[in-house]
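Survey of secondary and tertiary structure
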Amino acid sequence: MSEKDEQNAFQVVDEGFSMKEAIAEAQRCLHCKIPQCQKGCPISNDIRDFVHELSQGNLGSAMQIINNKSNLPAICGRVCPHEKQCQGNCVLGKKGTPLQIGKIEQFIADFDTQMMPSRDKIEQTTRGKIAVIGSGPAGLTVAGDLARKGFSVTIFEGQPEPGGVLMYGIPEYRLPKEVVRAEVAKIEKLGVNFVCNCLVGENGVTVDSLFNQGFDAIFMGTGTAVPNNMDSTPGAKLHGISQSSYFLHNVNAFNEGAMGRDQIPLKDGERVAVIGGGNVAMDAARTAIRLGADVTVLYRRSQEEMPAIAAEYEAAVAEGVKFEWGTTVEEFLPNASGKRLGACRLKNNEGERIESFQRVYLAIGSRPANRIVSTTDGIEVDEKGYVKVLERPVGMTTRRGVFAGGDVVHRPQTVVLAMKAAKEVAQGIAQYVDALKLMQEVGLM
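Figured I'd write up the structure that's included with this text.

Reading the values: rules and limits
Residues numbered from 1 in each chain as written. Predicted model: local features only at pLDDT ≥ 70, side-chain atom pairs only at ≥ 80, totals over all residues. Heavy atoms only, no water. Pairing = 2+ DSSP bridges. Helix = DSSP H or I, 4+ residues; strand = E, 2+ residues; numbered from the N terminus. Axes fitted to C-alpha atoms, helices over the stretch in contact; angles between N-to-C directions. Parallel < 35°, antiparallel > 145°, perpendicular 65-115°, else oblique. Left-handed = near helix turned anticlockwise from the far one by under 90°. Contact = heavy atoms within 4.5 Å. Nonpolar A, V, L, I, M, F, W, Y, C, P; charged D, E, K, R; others polar. Salt bridge = Lys/Arg side-chain N within 4 Å of Asp/Glu carboxyl O. Buried < 20%, exposed > 50% of the residue type's maximum accessible area, 1.4 Å probe, protein only.

Time to look at the sheet that holds strand S10 (residues 328-334). With respect to topology, three strands assemble into an open sheet ordered S10-S11-S12, the strand pairing being antiparallel. In this open sheet, the two strands that pair with only one neighbour each are S10 and strand S12 (351-356). Adjacent strand axes in the sheet meet at a mean angle of 25° when their direction is disregarded. Sheet topology note: the S10/strand S11 (residues 341-348) ladder contains six bridges and is antiparallel. Bridge assignment links Leu333 to a residue of S11, and that residue is Ala343.

Shown next as structure tokens:
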């Protein structure tokens, strides 16, 4: 398979609704008096109302309603587990097909991007000055919410481009990078500044130095950047065993033309095992299939216990990914050279066996990096490195003025759950800074 063919294999699987299809789907909505779809949405999106506006052809009004709750609708419309949330609670699903809420949201957001490309950037205001560390779902949500509330916000991102896991961790076929860039551009138009290639905790940029620059509060939205490993399993250091996150990052770079095919740790035709059962495992498996591999997912629990959403699993099966349930890797075995992976010793209810694999990708969870905590006094973490936060003001750490939210606090979750937590913390930050300013004005600080 040529490089061009491999890149073409990452074209979007579902292009979304046309205008006619979107309006027709919206007109199926029953406009329930008590919308169960909204109850199922972690950020309580006003689904009934924006669907109704779309059904009448009022796309501008629909977008305004979405903007009241979400800063990333084009992303949520594509990657949220709708079947477990809004769509899964739609009353139409009890006797037939639930409203396709995700695709409706995606359509409205994409239409807004296409029709309104030249928004003027909103001038920054002086309610307070906020630094946001990390530009993943949590960081972008806090920044957008606070900018709308009148705060001056600057995001510090360690990568060359904003987006975090949205840009570097989710495959192109599921979330096109142009969509992420468009959502980031909308947040930038709210007055948010971006400083990329700036890793807070290194090269003299610390929480303390940010406070010295005059920021009133700092938000840590750094996610869980350190993947878990299997170092206790014999043979785990063999060449050919790597992290799914590293693999996905490289493939995204390849699709962007920033990296050659030879830098992706996978050869056409290799037998690949993906260890894990979450959405990252599904992304790695489906990505490896697209690059010509023979892929098997090994998951230690049953299919019913798998955390990946059903749609991702079904798509993986349709694309040729094989699954083995209740299976663990007891040992990684070398090939003839003694340095590279050649096989795995597997164990399940039927006993043990040796299975040949040339490549293994680990997708067994992740944990926060300690780069910021280790360079800052007063931020407490639990035994696994997750940041401890207060209930009031919501999201503040044990260091005054430093807040945290998303996966760095709540364990790895979905995009929309990170957004939910971030929205709550944004309220806490606003309350804290307002109180701080008032105390300064009356001479108490």
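Another point: the packing of helix H4 (residues 47-55) against helix H7 (residues 101-115). Where H4 contacts H7, the axes come no closer than 11 Å and their chain directions differ by 60°. As far as their axial angle goes, H7 and H4 are oblique. The interaxial crossing formed by H4 with H7 has left-handed handedness. Between H4, through Ile47, Phe50, Val51 and Leu54, and H7, the contact on the second element is made entirely by Ile101, Ile104, Glu105, Phe107 and Ile108. Counted by class, the contact of H4 with H7 contains eight nonpolar, no polar and one charged residues.

In this section: the sheet that holds strand S13 (residues 359-362). Strand order in this open sheet of five strands is S6-S13-S7-S8-S9, and the pairing throughout is parallel. Every interior strand has two partners, whereas the edge strands, strand S6 (241-243) and strand S9 (322-324), have only one. When the angles between neighbouring strand axes are averaged without regard to direction, this sheet yields 25°. Bridge count for S6 against S13 is three bridges, and the pairing is parallel. Looking at S13, one finds that Ser242 is bridged to Tyr361. The strands touched by helix H12 (residues 244-255) are S6, strand S7 (271-275) and S13; relative to S6, the strand with the most contacts, the crossing angle is about 75°.

So, on to the pattern of salt bridges. Pairing is possible between side chains that carry opposite charge, provided their charged atoms lie close to one another. Per the stated rule, a full pass over the model turns up 26 salt bridges. The salt bridge involving Arg359 is made with Glu270; its shortest N-O contact spans 3.1 Å. Within this pair, whereas Arg359 is found in strand S13, its partner Glu270 is found in the loop between H12 and S7, the two being separated by 89 residues in sequence. Across the pair, Glu270 and Arg359 agree in class, each one buried. Within this structure, Arg174, Asp283, Arg286, Arg290, Glu312 and Glu319 form a network of salt bridges that share partners.

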